[in-house]
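# Summary of structural features
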Amino acid sequence: MITGTALWYASRATGVVSLVLFSLVAILGIMVNRQGRLPGLPRFAVTGLHRSLSLLTVAFLGIHITTAIADGYVHIPWLSTIAPFTSGYERFWIGLGTVAVDLVGAVIVTSLLRDRLAPAVWRAVHWLSYLSYPVAVVHSLGASKDLRSGWLLALTMGTVFAVFAAIGYRVNGALAAVPRPHRVSRQLVQADKTGSLR
Amino acid sequence: MDERLRVNPILCCGHGLCAELFPEHITLDEWGYPILSDQPVPRGLSKLARRAVTDCPALALALVRDS
Amino acid sequence: MTASIRDTATGRATADATRLPRLLPAPGQPMELPAHLKVHGPTPYRGGPRLLIHTIESAGLTGRGGAAFPTHRKLTAVADQKGVPVVVGNGAEGEPASDKDKMLLWSSPHLVLDGLQLAAEAVGARRVHLYVHRHPELLQRLRSALAERATAGLDRIAVGVVTAPHRFLAGEESALSSRVEGGAALPRITPPRIFERGVHGAPTLVQNVETLAHMALISRYGPAWFRAVGTEQEPGTMLTTVRLANGSGGVSETAIGTPIAELLSLAEHPARAVLVGGYHGAWLTPEQAGHLTLSNADLRPFGAAVGAGVLVALPTDRCGIVESARVVRYLALESAGQCGPCLNGLPRIAATFSQLANRQFARSALDDLQRWSTLVERRGACHHPDGTVRFLRSALSVFSDEVELHAAGRCSAGNTAPFLPIPTATPSYEEEWS
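Residues numbered from 1 in each chain as written. Chains lettered and ligands numbered in written order. Predicted model: local features only at pLDDT ≥ 70, side-chain atom pairs only at ≥ 80, totals over all residues.

### Focus: the overall build of chain C
For clarity, the cut-off: Each helix is a run of H or I in the DSSP string that is no shorter than four residues. Each strand is a run of E no shorter than two, and both are numbered from the N terminus. Each radius of gyration is computed over the set of C-alpha atoms, and the globule rule expresses the reference value as 2.2 Å times the number of residues to the power 0.38.
For chain C, the count of helices and strands is 18 helices and 9 strands. Whereas a compact globule of 434 residues would reach a radius of gyration of roughly 22 Å, chain C reaches 22 Å, a difference of no more than 12%.

Below you can see the structure in the form of structure tokens.
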């Protein structure tokens, strides 16, 4: 029973860590897309951190899932790792977690193989990460009462807010971008103004 | 069989990681776009070249074999 | 069957072989289908793929779209690919100074359409398109020509007409392929080349409409007939769009190897300089133009090429730098804006060159132009930056004296009215040079 409780706590704890890491990975991914820099670090560090943290997230997710299943107190079959809505316990909320893992799994696998895939294929799958994040958040809030009160609620709200701020930043950048047909005429107008300076 | 770097100029949007990772063969022009050496990549630097290819956020860089 | 057609034709053609024009009918009379059939007979299908290719090879036909690539090699390359090919007749010349494709499609559409069917048969294609700029009257004419041919049962494969936007790059092979697929006429990267994977991934033969018209004639009258005019290495005729120094000119058909001085009447109408090939071509000095013929053999050593047959004589009262700067601005604005170096480099080149034309000389201007030219060359998906730089460099070289004058705030030209045609949709910025 003590072992069971320890496993259960481990699952809940690694769940929280996974969510926070996921938020960081999402924000870093948006920074890569917007060519953002981390002060004092080279450009490849932003990309490198994004990937390293995503692999760390997978590690924590792995523990989160394994401990939840290994703990025998509630019944979650191994199948639930990949097949959504097959758990006896909290079928819906765990199911959402499975959906998130499936989507993240596709993103991770294609990213590990990215130099062997067509750019368009890799990109299309990577967009699924924008779907998996909210699903993971909803799973976290629904599958256990932990995040619904106290400092854990504050933490969850904080990281979710940060991710949505980053998404807003990305959307704004996309909307503000000069559409391709106008880019060259804009450049010419600016070049005319600045004389023969760069 | 030589290996050479090639960039897809339409996908490339000037992230510039490639020049940081493989300065021996890649420099950036005054607008931030890569200038690739047309020399083949020597065996010893192959790993660096591959890293630059994999890390390009736009997947715009490729290592191609030609004879 | 074909032998007798050719025999009869050769017998008749020996007397006519050197008579021009071949492609264009009598001036002012577009050739309708009944006249076309009377003069040339029906489309001489060979009966199977590849059979025509050897004839085209013997004739020595090269592409008339600007690149002068041996046509038989293009046909073979496409026929050799796995997959069923697509054929596109390219009538979107895109070049403001060139009218020959429009003129050919207007006057002799049936030669082009014959050539399209013959090319399709030669490569084993099952889908055929004709790619033309959006000129309503020309489109109407082509559609009714196609309808007439359908009624007469001349075309074995139905031709889909695809319209091209009025852009300089619309006729570029990969842009054409994108457009025929239903997308925008934007260049794509190659490899893979269009002959390998083009429209919807199929091997695609892109042939200029004039080349197709020549194929239609060669298939009837034979290689010997085709070679009766022109030079040994560059046989046959080509369509040219000429503009003399007095402003007159138009489209005509010329034997390759004709002296440029004759085509531009340089003795009667002296020129300050001669533009050969178009806006991706090169300038020649009057002395050079006076000694050279319209052939790649003569022109290549001078950094020029026949291209799409554009020949413009700049009047002596115009400024070569002012005219060239207007062209470079136009070319910059015609960039697809897809590739960083072109998007950044061409506008800066154009702006700096404009300032030079406007007699505002910055000390670093020439160095900047030199540096940017090197930075944009061969770093785009297509050859637009390369062609622009070729034009720019030839202007700076041929008009070097004028550059020095402008650097000192002067200009030797008396007339600032524009001479080279620039489409009005692009602002001309003329008022800056008054």
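### Some details on the overall build of chain B
We apply this condition: Neighbour density around each residue's C-beta defines its exposure: 20 or more other C-beta atoms within 10 Å make it buried, 12 or fewer make it exposed, and counts between make it partly exposed, where C-beta atoms are placed from the backbone.
When helices and strands are counted, chain B shows 2 helices and 4 strands. Listed by position from the N terminus, the elements making up chain B come as β-α-β-β-α-β. Relative to the globule expectation of 11 Å for 67 residues, the C-alpha radius of gyration of chain B, 11 Å, shows essentially globular dimensions. The principal-axis extents of the C-alpha atoms in chain B amount to approximately 30 × 20 × 20 Å. The proportion of buried residues among the 67 residues of chain B is 37%.

### Things to note about the packing of helix H14 (residues 320-333) of chain C against helix H17 (residues 384-398) of chain C
Residue and element names in this part refer to chain C. Defined as follows: The axes are straight lines fitted to the C-alpha atoms, using for helices just the contacting stretch, and the angles between their N-to-C directions are given from 0 to 180°. Roughly parallel means an angle under 35 degrees; roughly antiparallel means over 145; roughly perpendicular covers 65 to 115; every other angle is labelled oblique. Any two residues are considered in contact once their C-beta atoms, placed from the backbone, lie within 7 Å.
Two elements in contact, H14 and H17, have axes separated by 10 Å at closest approach and are oriented at 170°. Relative to H17, H14 is oriented roughly antiparallel. Of the residues in H17, those in contact with Gly320, Ile321, Ser324, Val327, Val328 and Leu331 of H14 are Thr388, Phe391, Leu392, Ala395 and Val398.

### Some words on the sheet that holds strand S3 (residues 159-164) of chain C
Residue and element names in this part refer to chain C. To be explicit about the condition: A pair of strands is treated as paired once DSSP finds two or more bridges between them.
With parallel pairing, 4 strands are arranged side by side in an open sheet as S3-S2-S1-S4. The sheet terminates laterally at S3 and strand S4 (204-208), the two strands that pair on one side only. Geometrically, the sheet is characterised by an average inter-axis angle of 25° between neighbouring strands, direction not taken into account. Examined bridge by bridge, strand S1 (residues 86-90) and S4 share 5 bridges and lie parallel to one another. Opposite Gly89, over in S4, you have Gln207 as the bridge partner. Along the sheet, helix H7 (residues 136-152) contacts strand S2 (127-133) and S3; its crossing angle with S3, the most-contacted strand, is approximately 175°.

### Some details on the packing of helix H5 (residues 100-107) of chain C against helix H9 (residues 209-221) of chain C
All names here are of chain C. Relative to each other, H5 and H9 sit at 45°, their axes nearing to 9 Å. With respect to each other, H5 and H9 are oriented oblique. Two secondary-structure elements touch here, H5 through Lys100, Asp101, Leu104 and Leu105 and H9 through Val209, Glu210 and Ala213.

### A look at the interface of chain C and chain B
Heads up, the condition is: Polarity classes work like this: nonpolar for Ala, Val, Leu, Ile, Met, Phe, Trp, Tyr, Cys and Pro, charged for Asp, Glu, Lys and Arg, and polar for all others, with Gly in that last group.
On the chain B side, the residues contacting the 10 residues of chain C number 8 residues. A total of 3 residues in the side of chain C that touches chain B trace back to one element, the largest contributor, which is helix H15 (residues 340-357) of chain C. Here the side of chain C that touches chain B is built from residues that sort into 5 nonpolar, 4 polar and 1 charged.

### Examining the domain arrangement of chain C
Residues and elements named next belong to chain C. Inclusion rule: How far each domain reaches was decided by an automatic or database domain assignment.
Per the domain assignment, the segments of chain C are domain 1 (2-227), domain 2 (237-315) and domain 3 (320-433). Facing the 18 residues of domain 1 at the interface are 17 residues of domain 2. It is H5 that contributes the most residues to the side of domain 1 that touches domain 2, 3 residues altogether. A class-by-class count of the residues in the side of domain 1 that touches domain 2 yields 8 nonpolar, 3 polar and 7 charged.

### Overview of unusual backbone geometry
Residues and elements named next belong to chain C. A cis amide bond, omega -5°, links Leu20 with the succeeding residue Pro21. The residue Pro21 is located in the loop between helix H1 (2-16) and helix H2 (33-40) in this model. Between Thr190 and the following residue, Pro191, the backbone shows a cis peptide bond with an omega angle of 15°. Position of Pro191 relative to the elements: it lies in the loop between helix H8 (173-180) and S4. Within the chain, Arg50 stands out as a residue other than glycine whose phi angle is a positive 65°. Taking the number of C-beta atoms within 10 Å as the measure of exposure, Arg50 has 15 and is therefore partly exposed. Its identity as a non-glycine residue notwithstanding, Arg359 has a phi of 65°, on the positive side. If you trace the backbone, Arg359 turns up in the loop between H15 and helix H16 (365-376). Here Arg359 falls in the partly exposed class, since 16 other C-beta atoms lie within 10 Å of it.

### Re the interface of chain C and chain A
With 17 residues of chain C at the contact, the number on the chain A side is 10 residues. Mapped by element, the contributors of at least two residues to the side of chain C that touches chain A are H14, H15 and H16 of chain C. Residue contributions to the side of chain C that touches chain A peak at 8 residues, all from H15(C).

### Focus: the environment of B:Gly16
Mapped onto the elements of the fold, B:Gly16 is located in the loop between strand S1 (2-7) and helix H1 (17-21). Among the residues examined, B:Gly16 registers 20 C-beta atoms within 10 Å and is labelled buried. Separated by 24 residues in the primary sequence, B:Gly16 and B:Pro40 have C-alpha atoms spaced 21 Å apart. In this view, B:Gly16 contacts A:Arg43, B:Leu28 and B:Gly32; residues no more than four positions away in its chain are not counted.

### Here's the deal with the sheet that holds strand S6 (residues 249-255) of chain C
Sheet strands pair by backbone hydrogen bonding; their relative direction is either parallel or antiparallel. Residue and element names in this part refer to chain C. The 5 strands lie next to each other as S6-S5-S9-S7-S8, forming an open sheet whose pairing is mixed. The outermost strands of the open sheet, each flanked by one partner alone, are S6 and strand S8 (282-284). Going from strand to strand, the sheet's axes swing by 25° on average, the running direction of each strand aside. Note: strand S7 (residues 271-276) against strand S9 (residues 310-315), 5 bridges, orientation antiparallel. Across the sheet, the residue bridging to Ala271 is Pro315, located in S9. Packed on one face of the sheet, H5 meets strand S5 (237-243) and S6 and runs near 120° to S5. Those strands touched by H17 are S7 and S8, and its axis lies near 20° from that of S8.

### Brief notes about the pairing of S1(C)
Along any regular strand, the residues point their side chains to alternate faces of the sheet. Residue and element names in this part refer to chain C. Across the 5 residues that make up S1, a large majority, 5, are buried. Neither face of S1 is exposed, since Val86, Val88 and Asn90 on one face and Val87 and Gly89 on the opposite face are all buried. The sheet contact formed by S1 and S2 spans 5 bridges and is parallel. Among the inter-strand pairings, Val87 is bridged to a residue of S2, identified as Val128.

### Comments concerning H5(C)
Residue and element names in this part refer to chain C. Here H5 lies mainly inside the structure; 6 of its 8 residues are buried. Listed in full, the buried residues belonging to H5 are Lys100, Asp101, Met103, Leu104, Leu105 and Ser107. Buried positions along H5 lie against helix H6 (109-123), S2, H7, H9, S5 and S6.

### So, the confidence of the model for chain C
Close inspection of predicted coordinates is inappropriate for parts of the model with low pLDDT. Residue and element names in this part refer to chain C. The test is simple: pLDDT expresses how confident the predictor is about each individual residue, on a scale running from 0 to 100.
Per-residue pLDDT for chain C has a mean of 92; in total, 94% of the residues score no lower than 70. Taken as a whole, residues 1-15 scores under 50 in pLDDT and shows 13 contacts with residues more than four places along the chain or in a different chain. Contacts for the low-pLDDT stretch residues 426-434, under 50 throughout, to residues beyond four places or in other chains number 15 contacts. The complex model carries a pTM of 0.91, and its ipTM stands at 0.95.

### Examining the nonpolar core
General note: in soluble globular proteins, nonpolar side chains tend to be found buried as a group. The condition that has to hold: Joined through C-beta atoms within 7 Å, a set of buried Ala, Val, Leu, Ile, Met, Phe, Trp, Tyr and Cys residues constitutes a nonpolar core.
If you look at the biggest cluster of nonpolar residues, it comprises 132 residues, and the most contacted ones within it are C:Val87, C:Leu116, C:Ala119, C:Val274 and C:Val328. Residues within four places of C:Val87 in sequence aside, it is in contact with C:Leu116, C:Ala119, C:Ala120, C:Val123, C:Ala125, C:Val128 and C:Leu205. One finds A:Leu21, A:Val46, A:Val104 and A:Tyr133 within the second-largest nonpolar core, a separate group that totals 26 residues.

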